[in-house]
Amino acid sequence: MSFPKGFLWGGATAANQYEGGFDEGGKGLTAVDVTTNGSATEPRKVTWKKADGTTGFSPMVWGSDFSVPKDATPTVLPDYYYPSHGGTDFYHHYQEDIEMLAKIGFTTFRFSIAWSRIFPTGEESEPNEAGLAFYDKVIDECVKHHIEPCITLQHYDTPLALVQKYGGWKDRKLIDLFEKYATVVFKRYAGKVHYYTTFNEINAMDEAPYLGGGITDPTPQNRAQGAHNQFVASAKAVRAAHKIGQAIQVGMMLAYQPVYPETCNPKDQVAAMLNMERGLFYADVQAGGEYPKSRLIQYERAGIKLDDTPEDYALLKQYPADFLSFSCYTSSVVTADPSRDENAQGNLGGGTVKNPYLETNAWGWATDPDVLRLALNTLWHRYHKPLFIVENGLGWADEVAADGKIHDDYRINYLRYAVQSMKDAITEDGVDLIGYALWSAIDLVSNGTGEMKKRYGLVYVDRDDWGNGSQRRTPKDSYYWYKKVIQSNGEDLA
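Counting starts from 1 at the beginning of each chain's written sequence and moves along it residue by residue. At least 70 in pLDDT is required for a residue's local features to be given in this predicted model, at least 80 for side-chain atom pairs to be given and counted, and no such filter applies to totals for whole chains, interfaces and linings, which use all residues. Only hydrogens and water are set aside when side-chain values are computed; all heavy atoms of the structure are taken into account.

(A) Region of the structure containing the UniProt feature "active site" (unreviewed entry) in the protein. Residues given the UniProt feature "active site" (unreviewed entry) here are Glu391. Its place among the elements puts glutamate 391 in strand E12 (residues 387-391). Among all residues touching glutamate 391, those that are not within four sequence positions of it are Arg110, His155, Asn200, Glu201, Met253, Phe326, Ser327, Cys328, Tyr329, Ala437 and Trp439. UniProt positions are given in the numbering used here, feature names are shortened, and annotations may be inferred rather than shown by experiment. Secondary structure elements are defined from DSSP: runs of H or I of at least 4 residues count as helices, runs of E of at least 2 residues count as strands, and each element is numbered from the N terminus. Any pair of residues with heavy atoms lying within 4.5 Å of one another is described as a contacting pair.

Listed below in structure tokens is the structure:
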């Protein structure tokens with residue numbers, strides 16, 4: 001037994017990093033549209049303006065403290081560059097891009113719909129027809145090429161108007177607004193789209209609550225409330241989809257990273273366990289249908305009181321995610337010894353040590369050959385839900401060679417490990433895996449650093465960190481390698 005017949009092979013993107021056209025077709029601004037570019041050494045910034053005209057910014061780093069002044073409103077300012085505004089211009093290149101993916105042999109394409117392209121402020125009584133029409137064309141293009149769309153409903157782009165008016169997902173008002181948006185999308189694309197995920201990397205509410213939920217004052221109380229509101233909104237979306245048709249499957253999406261204890265010291269073992277449980281809490285609720293007691297104990301000790309209703313918990317139990325999708329790029333190593341904390345880059349939750357057995361890229365992300373097998377087994381045995389890897393890949397400063405080509409053997413090596421790791425999980429361990437959508441199908445703006453230099457795509461896009469370039473698309477060596485993998489259903493990894 002190898003990869004099953006009908007296994008979905010493809011790649012992934014996100015509207016806020018890829019789509020562009022931020023002010024076209026009636027689209028409204030999003031939380032990311034006021035987030036600047038950055039680099040490996042310079043953090044991205046959320047720009048804001050106060051009522052008295054004072055302007056400024058708040059640096060945004062994953063796993064670090066972040067807040068916007070109480071009397072300030074996130075807004076677009078002159079003299080700053082906002083990479084989400086242009087992305088890599090899928091808005092005007094969607095036909096060309098999807099055709100390139102079809103030539104590889106993609107059978108799935110994971111992308112996101114920008115909520116503010118459908119409801120510009122999030123509160124309109126009727127959806128924006130121009131926005132729906134754009135995604136009509138994108139989806140029809142996928143269907144024409146026999147590519148199964150897998151759509152994320154919110155990928156780090158809460159409508160900015162909802163951030164400004166309600167403080168983002170800390171307000172329960174967004175639950176019903178999201179349900180309305182999701183229902184419109186489900187009905188519009190019924191029969192064409194069978195796989196959806198609600199919130200991208202929902203556990204970003206812990207590590208990057210502004211991106212995850214548009215929360216500008218991420219106190220522990222507001223993070224907890226924001227997560228709860230997204231849980232309920234997701235359950236309501238599952239309910240809405242099932243009413244429309246059982247062919248629609250609505251999954252959750254988790255940022256997951258296997259955690260190794262540094263030593264066999266029992267304290268390191270406990271540290272690794274607590275680190276893992278912290279992230280899996282989100283899947284416990286969305287896939288498992290209820291809050292784990294450990295999180296409720298934490299809330300009680302911290303004095304956190306949720307604005308909730310008995311109906312919330314009934315919804316979570318009755319309408320859990322149909323499948324569990326996740327991102328997984330690397331693993332991390334934790335220690336209980338604070339003097340050993342190296343704060344290694346690329347580790348979910350920060351505060352860890354480097355793994356001496358693994359090589360890393362320029363951004364500190366380690367290549368772990370067995371990471372997907374480990375992740376798949378943990379998630380499968382904990383939840384017994386069909387799994388879907390919707391992000392996995394390698395960021396690198398790709399360069400065009402003298403022959404005009406992009407020779408990314410380092411990416412091919414990384415992906416070879418990934419495919420073998422999945423294959424082991426399926427053939428040796430019996431894991432139920434739906435498909436694999438690598439990150440990313442085509443070059444786009446890095447979410448973490450806001451730069452183009454950190455490239456993930458199979459296709460190179462001529463665009464630099466400041467938006468300059470022709471936007472010309474050029475297949476990399478990995479493009480042709482992945483084509484062989486798909487044609488052989490994961491057998492030819494040479």
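What follows continues from the structure just given.
(B) Summary view of the sheet that holds E12. Read around the closed barrel, the eight strands follow the order E1-E5-E6-E7-E8-E10-E12-E13; overall the barrel is parallel. Each strand of the sheet is rotated relative to its neighbour by a mean of 25 degrees, with strand direction disregarded. We treat two strands as partners when DSSP finds at least two bridges between them. Of the pairings in the sheet, the one linking E12 to strand E13 (residues 433-439) comprises three bridges and is parallel in character. Pairing of leucine 387 across the sheet is with leucine 433, part of E13. Here helix H4 (residues 129-144) sits on the sheet in contact with strand E5 (108-112) and strand E6 (148-154), set at roughly 165 degrees to E5. Only the stretch in contact is used when fitting a helix axis, every axis being a line fitted to C-alpha atoms; angles between N-to-C directions are given from 0 to 180 degrees.

(C) Representation of the environment of glutamine 230. Within the secondary structure layout, glutamine 230 lies in helix H9 (residues 220-244). When the C-alpha atoms of glutamine 230 and alanine 402 are compared, they prove to be 49 Å apart, with 172 residues separating the residues in sequence. Those residues in contact with glutamine 230 that sit more than four places away from it in its chain are Gln154, Trp169, Phe199, Ile202, Met205, Gly212 and Gly213.

(D) Quick look at the pattern of salt bridges. A pair is scored as a salt bridge if a Lys or Arg side-chain nitrogen falls within 4 Å of a carboxyl oxygen belonging to Asp or Glu. Per the counting criterion, the structure on display carries 29 salt bridges. With its nearest N and O atoms 2.7 Å apart, the salt bridge here joins glutamate 42 to lysine 45. The buried label applies to any residue whose accessible area, calculated with a 1.4 Å probe on protein chains only, is under 20% of its type's maximum; exposed applies above 50%, and partly exposed to all values in between. Classification of glutamate 42 by relative accessible area gives partly exposed; the value is 39%. On the basis of relative accessible area, lysine 45 is assigned to the buried category, the value being 12%. With a closest N to O distance of 2.9 Å, aspartate 217 and lysine 170 form a salt bridge. Of this pair, aspartate 217 sits in the loop between helix H8 (209-213) and H9 while lysine 170 sits in the loop between helix H5 (160-166) and helix H6 (173-188), placing them 47 residues apart in sequence. For aspartate 217, a relative accessible area of 27% translates into the label partly exposed.

(E) Spatial organisation of the confidence of the model for the protein. Confidence of the predictor at the level of single residues is given by pLDDT, which spans 0 to 100. Per-residue pLDDT for the protein averages 94, and the proportion of residues at 70 or more is 98%. Counting interchain partners and residues more than four positions distant, the pLDDT-below-50 stretch residues 345-350 has 20 contacts.

(F) Highlighting the nonpolar core. Of all hydrophobic cores here, the largest spans 119 residues; its most connected members are Phe326, Tyr436 and Tyr482. In terms of residue count, H9 provides more of this core than any other element does, 10 residues in total. In this structure, tyrosine 482 is in contact with Trp9, Gly10, Ile104, Phe106, Tyr436, Leu438 and Leu458, ignoring residues within four places of it in sequence. By nonpolar core we mean a set of buried residues, namely Ala, Val, Leu, Ile, Met, Phe, Trp, Tyr and Cys, connected to one another through side-chain atoms within 4.5 Å. Core analysis: the second largest hydrophobic core is formed by 16 residues, Val32, Ala204, Ala208 and Leu211 among them.

(G) Broad picture of the packing of aromatic side chains. Centre distance within 6.5 Å is the pairing criterion for rings of Phe, Tyr and Trp, where only the six-membered ring of Trp is used; planes under 30 degrees apart are then read as stacked, over 60 as edge-to-face, and the remainder as tilted. Enumeration according to the criterion identifies 40 aromatic pairs in this entry. Between the aromatic rings of phenylalanine 90 and tyrosine 94, the centroid separation amounts to 6.4 Å while the plane-to-plane angle is 75 degrees, which identifies the pairing as edge-to-face. With phenylalanine 90 and tyrosine 94 both in helix H2 (residues 90-104) and four residues apart, the pair spans about one turn of that helix. By relative accessible area, phenylalanine 90 is classed as buried at 3%. Judged by relative accessible area, which is 12%, tyrosine 94 ranks as buried. Consider the rings of tryptophan 115 and tryptophan 169, whose centres lie 6.3 Å apart with planes at 50 degrees: the pair is tilted. One end of the pair, tryptophan 115, is in helix H3 (residues 115-118); the other, tryptophan 169, is in the loop between H5 and H6, with 54 residues separating them in the sequence. Taking the relative accessible area as the measure of exposure, tryptophan 115 reaches 0% and is therefore buried. Linked through ring pairs, Tyr18, Phe90, Tyr91, Tyr94, Phe109, Phe111, Phe134 and Tyr135 together constitute an aromatic cluster. Criterion for a charge above a ring: Lys NZ or Arg CZ within 6 Å of the ring centre, and within 35 degrees of the ring normal. Geometry around phenylalanine 134 places arginine 117 over its ring, the cationic atom sitting 5.5 Å from the centre.

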